[in-house]
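Residues per chain, in single letters:
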Amino acid sequence: MVNREKKVSAFIYCLKILGYSILITSSLTLITVYASNNIPNVAWFGFINSVTGILILFNLGLITPIIIVNQLIRPLGNLNAASDKLARGEFNEVKLNYQGKVKELDTLFNNFKIMSEELSSVETMRFDFVSNVSHEFKTPLAAIEGCVIVLQNDELSEEEREDYFKRILTSTECLSSLVSNILLLNKLENITTVPEISEYRLDNQILQILLQQETIWNAKDIYFDLHLEEITYTGPKHIMYHVWSNLISNAIKYSHEHGKIKIHLHKKETDICFTITDKGIGMSEKDIRHIFDKFYQADTAHKKDGNGLGLAQVKKILDMTGNKISVNSKPNEGSSFIVTLSQ
């Protein structure tokens, strides 16, 4: 249950405790003065005076320090124990729930809790990433190994040998693509300097990518409906190339033969809007939620054509450059990706 009690700063809290302590001490002192003036019996006066002195000392010397220590020092001990677990990598063992009244400690505990949850998430992602990379490497390597073993058979015909050599070539191309994509994604995630910014024609860059992929879309006899305004864009040209390349290659890959792909590029008020729409296999709502995750592939039938890193690259680049991407899709009705670039 979340503690809804209003927090105060450590300084104000200590002032309040000391204020209460002074108030109690003053009250006890006034009682003593009153007693000295109104109680003629010396014995009773001595008793009251002694009791009052003890209560004052008890209040100043024990109660007040205990309250302050309990609210300020004790939580730091809990935080220290949690940080020790964090240092050992025991992210899931960190349990923090501050119930005190000091605002600074409440903020510190909350930030520490968020940090431990983020580190736990990163650790999970790292484990999943290594697991996925291992799997993605293992598949083509196993295919290459199998083909090499079969090729040792002297009774194979030339046509069969040619087929196995093609399989080996396909697997090595898959490995090369995987390594390149992993390196690019790692580079994007570890960029510490602002990418080189230049002014260039965005429509020309998109046309250039279409021409580079002509062999692929020609093989599927795909028709393009292009509406590209002449737009000059100022941004990181080199890395933005990967955004359009991945989106176009995905649209081609998931389109049916003799299909149609619409690509529109236009200015919308102060933004630039790029839309690419296909009439291919489409995606479910579940797939849409995960398409930007590393190694996620909604359509396992096309798994051999990719490794699930392209859209992760797209999302990373657009987030890094302060731009946005959205998706509209339905199964068997196609998909539409909309990229909005801020000017």
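For the structure, check the block above.
Residues numbered from 1 in each chain as written. Predicted model: local features only at pLDDT ≥ 70, side-chain atom pairs only at ≥ 80, totals over all residues. Heavy atoms only, no water.

Turning our eyes to something else, we now look at the sheet that holds strand β2 (residues 223-228). With respect to topology, five strands assemble into an open sheet ordered β2-β4-β5-β7-β6, the strand pairing being mixed. The sheet terminates laterally at β2 and β6 (324-330), the two strands that pair on one side only. Taking the axes of each pair of neighbouring strands and ignoring which way they run, one obtains an average angle of 10° across the sheet. Strand direction decides the pairing type here: strand β5 (residues 271-278) and strand β7 (residues 334-342), joined by seven bridges, are antiparallel. The partner of Asp271 across the bridge, within β7, is Ser342. (Pairing = 2+ DSSP bridges. Helix = DSSP H or I, 4+ residues; strand = E, 2+ residues; numbered from the N terminus. Axes fitted to C-alpha atoms, helices over the stretch in contact; angles between N-to-C directions.)

This part takes up the packing of helix α7 (residues 237-253) against helix α9 (residues 310-320). Where α7 contacts α9, the two axes come as close as 9 Å, and the packing angle between them is 140°. Once α7 is placed against α9, the crossing between them reads as left-handed. Where α7 abuts α9, its residues Ile239, Met240, His242, Val243, Asn246, Leu247 and Asn250 lie against Gly310, Leu311, Gln313, Val314, Ile317, Leu318 and Met320. Class assignment for the residues of the contact of α7 with α9 results in nine nonpolar, five polar and no charged. (Left-handed = near helix turned anticlockwise from the far one by under 90°. Contact = heavy atoms within 4.5 Å. Nonpolar A, V, L, I, M, F, W, Y, C, P; charged D, E, K, R; others polar.)

Along the chain, Ser329 turns up in strand β6. Residue class for Ser329 comes out buried when judged on its relative accessible area of 16%. Among the polar contacts made by the side chain of Ser329, one reaches the main-chain carbonyl oxygen of Gly334 at a distance of 3.1 Å. Separated by 2.8 Å, the side chains of Ser329 and Ser335 make a polar contact. (Buried < 20%, exposed > 50% of the residue type's maximum accessible area, 1.4 Å probe, protein only. Polar contact = N/O pair within 3.5 Å; in protein donor to acceptor, adjacent residues only side chain to side chain.)

This next bit is on the nonpolar core. Counting residues in hydrophobic clusters, the biggest one holds 38 residues, and the most contacted among them are Trp244, Leu247 and Phe337. Mapped onto this core, the elements with two or more residues apiece are α4 (158-189), α5 (202-212), α7, β4 (260-268), β5, α9, β6 and β7. For this core, the leading source of residues is α7, giving eight residues. Those residues in contact with Leu247 that lie beyond four places of it in its chain are Phe274, Ile276, Leu311, Val314, Ile325, Phe337 and Val339. By size, the runner-up hydrophobic cluster in this structure holds seven residues, among which are Ile144, Cys147, Leu156 and Leu175. (Core = buried A, V, L, I, M, F, W, Y, C linked by side-chain atoms within 4.5 Å.)

Positive phi outside glycine occurs at His258, with the angle close to 65°. The topology assignment puts His258 in the loop between α7 and β4. On the accessibility criterion, His258 (58% relative accessible area) is exposed. Unusually for a residue other than glycine, Glu269 sits at a positive phi of about 55°. With respect to the secondary-structure elements, Glu269 resides in the loop between β4 and β5.

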